[in-house]
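# Geometric and topological summary
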Amino acid sequence: MVFDMEFALKSLPKIIAGIPMSLLISVFAILAGLVIGFLVTLCRMYKVPVLNRLAIIYVSFIRGTPLLVQIYVIYYALPMVADWAGMKLGLPISSADLPPLAFALTAFTIYSGAYLSETIRAALSAVDPGQMEAGYSVGLTTWQTFRRIVIPQAFVVALPSIGNNFLGLIKGTSLAFTVMVIEVMSNAKIAAADGYRYMESYVDAAIVYWLLCIVFERLFAWLEKRSGRYRSKSA
Amino acid sequence: MGITFNPEYIVKVFPKLLEALPLTLLIVILSLAFGLLLALLLTAAKLGSSRILRILATWYISFIRGTPPLVQLFLVFYGLPQVLKGIGIDINSWDKVVFAIITFSLNGAAFLSEIMRSAYQAVDRGQQEAAFSVGMTPFQAFRRVMLPQAFAIALPNLGNSAISLLKETSLAFTIGVVDVMGRAQVISIRSNGVNQLELFIAVALLYWALCFIIEKAVALLERAFKKGHKGVAG
């Protein structure tokens, strides 16, 4: 038959069961990526000697190579790093202890960090420099000005891009099965192989991802409206 | 597991990867070409007067943008033969590359149509009116006046799309296409678990170099098409 609706409906719960893991990876990667992105942007803004160059190469490399290739590189590099850290620094970790999730989290964090650093850079440069001066003039330190005045404003500017990044991450987690993480895509593959109905499983997976993206698109749109409330309506 | 790292292997394996480069480039170029054509139709649908075409186009774009490229690839690879078998067409003998090109064309079309749409809407409407006022037909006005300007505006984003497309083709090996990534998989299996990291670093460097080339090419095109144009960013 052309489309086995019964199989599609039967596999749907199994595929939906992968959503928490996909979301876990995405949320972790976006939060950790924001931290990394912010540090990278700071290095670029203040032109820290060695780190500035490294930051530029880091961003260019991540944006110029496919996510899948990055996942593979992390998959082979991380055990080596763990072993090296265990031997040279005497830490009690070895490559055998690494759970599959560690590879996925590392790869996706590094991936989103690079893109987010560009987002943060654009957002920070959109904030009027006068805001920093105003902060200094009332006696705030650099960090205090950042935290209380600049970052809240930059956050509103960055929000749409962060939302896009998050959606990209959700879709990106479909590659996590290559490092043996069980999420939506792996469940779809398992269901497909089980019943020899490939198209129906992937239609299910497509709908699941589509709904996830629509839900988070709406969520971010709501967030954007809420955080933008401080902006007075221009005449 | 030992910590062995042989940088020389990266150089050694590079030529073997380059052998598969023509296929990767073929997929990218054909997907871009067909994607652009389909995007034109999509943009026409979204800007046109038919309400149902507009709704269909919007849903199509939303679906493509809301689902991972890998899922789309599997849908086309597994789904298309099944659907066509239902109406009596057997495409089991098609080369796998065809499925990859179909997927990336369909995928690219959605993103490209959004880029085209915003670029077209960014061209001053007065240009079109001026063209009409000197007696051009709507098609002539589009081809001689609107299109060149819209193209210049769209160029940076088109370049980004080309780069995204290139990176997306790395997924084609999952359906058995032996492009650069597919070749790397073959080498990986044959090498019995040795030098894996060096292999995929080489792959990454190759893609990085290709993206760099595309960026430079787009910059050259931008300069050629924007001759005499005075904008905010120059």
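Quick caveat, the model's predicted, so the values are computed rather than measured.

### Description of the overall build of chain B
Secondary structure summary: chain B contains 9 helices and 0 strands in total. In chain B, the order of α-helices and β-strands from amino to carboxyl end is α-α-α-α-α-α-α-α-α. By its C-alpha atoms, chain B is 75 × 50 × 25 Å across when sized along the principal axes.

### Side note on the overall build of chain A
Scanning chain A for helices and strands turns up 9 helices and 0 strands. For chain A, the N- to C-terminal ordering of α and β elements is α-α-α-α-α-α-α-α-α. Its C-alpha atoms give chain A principal-axis dimensions of about 70 × 60 × 30 Å. Taking all 235 residues of chain A together, the buried fraction comes to 37%.

### Section: the interface of chain A and chain B
Facing the 30 residues of chain A at the interface are 28 residues of chain B. Residue composition of the side of chain A that touches chain B, grouped by class: 24 nonpolar, 4 polar and 2 charged.

### Some thoughts on the confidence of the model for chain B
Per-residue pLDDT for chain B averages 88, and the proportion of residues at 70 or more is 95%. Under the prediction, the complex receives an ipTM of 0.86, its pTM being 0.87.

### Remarks on the packing of helix H2 (residues 19-45) of chain A against helix H3 (residues 49-64) of chain A
All names here are of chain A. Viewed as axis vectors pointing N to C, H2 and H3 meet at an angle of 125°, and their least axial separation amounts to 8 Å. By the angle class used here, H2 and H3 are oblique. Crossing hand, H2 versus H3: left-handed. Between H2 and H3, the residues in contact are Val40, Cys43 and Arg44 and Leu51, Asn52, Ala55, Tyr58 and Val59, respectively.

### A short note on the nonpolar core
A general tendency of soluble globular proteins is for nonpolar side chains to be buried together. Tyr202(A), Ala205(A), Tyr209(A), Leu75(B), Phe200(B) and Val203(B) are the most contacted members of the largest nonpolar core, which totals 111 residues. Ignoring any residue separated from it by four or fewer positions in sequence, one finds Phe200(B) in contact with Val69(A), Tyr72(A), Val73(A), Tyr76(A) and Ala184(B).

### Some remarks on the environment of Ile170(A)
On the secondary structure map, Ile170(A) appears in helix H7 (residues 142-172). Along the backbone, Ile170(A) and Ile25(A) are 145 residues apart, and their C-alpha atoms lie at a distance of 8.2 Å.

### Description of unusual backbone geometry
Phi at Lys47(A) is positive, roughly 50°, even though this residue is not glycine. Looking at the element boundaries, Lys47(A) is found in the loop between H2 and H3. With phi around 55°, Asn195(B) is a residue other than glycine that occupies positive phi space. Summarising the element assignment, Asn195(B) is placed in the loop between helix H8 (180-190) and helix H9 (196-225). On the neighbour-count criterion, Asn195(B) (22 C-beta atoms within 10 Å) is buried.

### Re the environment of Pro68(B)
Note that Pro68(B) resides in the loop between helix H3 (51-66) and helix H4 (69-86). The spacing of Pro68(B) and Ile214(B) is 146 residues in sequence and 24 Å in space, taken between C-alpha atoms. Leaving out residues up to four positions away in the same chain, Pro68(B) has contacts with Lys171(A), Ser174(A) and Tyr209(A).

### Re H4(B)
Structurally, the α-helix is built with 3.6 residues per turn, so residues lying three or four positions apart point the same way. Taking 1.5 Å per residue as the helical rise, H4(B) with its 18 residues ought to reach 26 Å, and the 25 Å between its terminal C-alpha atoms agrees with that figure. Maximum bend of H4(B): about 35°, positioned at Gly79(B), with proline Pro81(B) one to four residues after it. Listing the buried residues of H4(B) in full gives Pro69(B), Leu70(B), Val71(B), Gln72(B), Leu73(B), Phe74(B), Leu75(B), Val76(B), Phe77(B), Tyr78(B) and Gly79(B). Looking at the buried residues of H4(B), the elements they touch are helix H8 (184-195) and helix H9 (198-227) of chain A together with helix H5 (96-122) and helix H7 (138-168) of chain B. Immediately beyond the C-terminal end of H4(B), within one or two residues, lies Gly88(B), with a positive phi of roughly 90°.

### Overview of the environment of Ala102(A)
With respect to the element layout, Ala102(A) can be found in helix H5 (residues 100-126). Between the alpha carbons of Ala102(A) and Leu68(A) there is a distance of 16 Å; along the sequence they are 34 residues apart.

### Describing the packing of H7(B) against H9(B)
Residue and element names in this part refer to chain B. Interhelical geometry of H7 versus H9 gives an angle of 170° and a closest axis separation of 10 Å. Between H7 and H9, the angle falls in the class roughly antiparallel. Residues Phe151, Ala152, Leu155, Pro156, Gly159, Ala162, Ile163, Leu166 and Lys167 of H7 touch H9, and the partners they reach there are Tyr207, Leu210, Cys211, Ile214, Glu215, Val218, Leu221, Glu222 and Phe225. Here the residues of the contact of H7 with H9 sort into 14 nonpolar, 1 polar and 3 charged.

The rules behind these values
Residues numbered from 1 in each chain as written. Chains lettered and ligands numbered in written order. Predicted model: local features only at pLDDT ≥ 70, side-chain atom pairs only at ≥ 80, totals over all residues. Helix = DSSP H or I, 4+ residues; strand = E, 2+ residues; numbered from the N terminus. Buried ≥ 20, exposed ≤ 12 C-beta atoms within 10 Å, placed from the backbone. Contact = placed C-beta atoms within 7 Å. Nonpolar A, V, L, I, M, F, W, Y, C, P; charged D, E, K, R; others polar. pLDDT = per-residue confidence, 0-100. Axes fitted to C-alpha atoms, helices over the stretch in contact; angles between N-to-C directions. Parallel < 35°, antiparallel > 145°, perpendicular 65-115°, else oblique. Left-handed = near helix turned anticlockwise from the far one by under 90°. Core = buried A, V, L, I, M, F, W, Y, C linked by C-beta atoms within 7 Å. Expected span 1.5 Å × (residues − 1). Bend = angle between axes of the 7 residues up to and from the residue.

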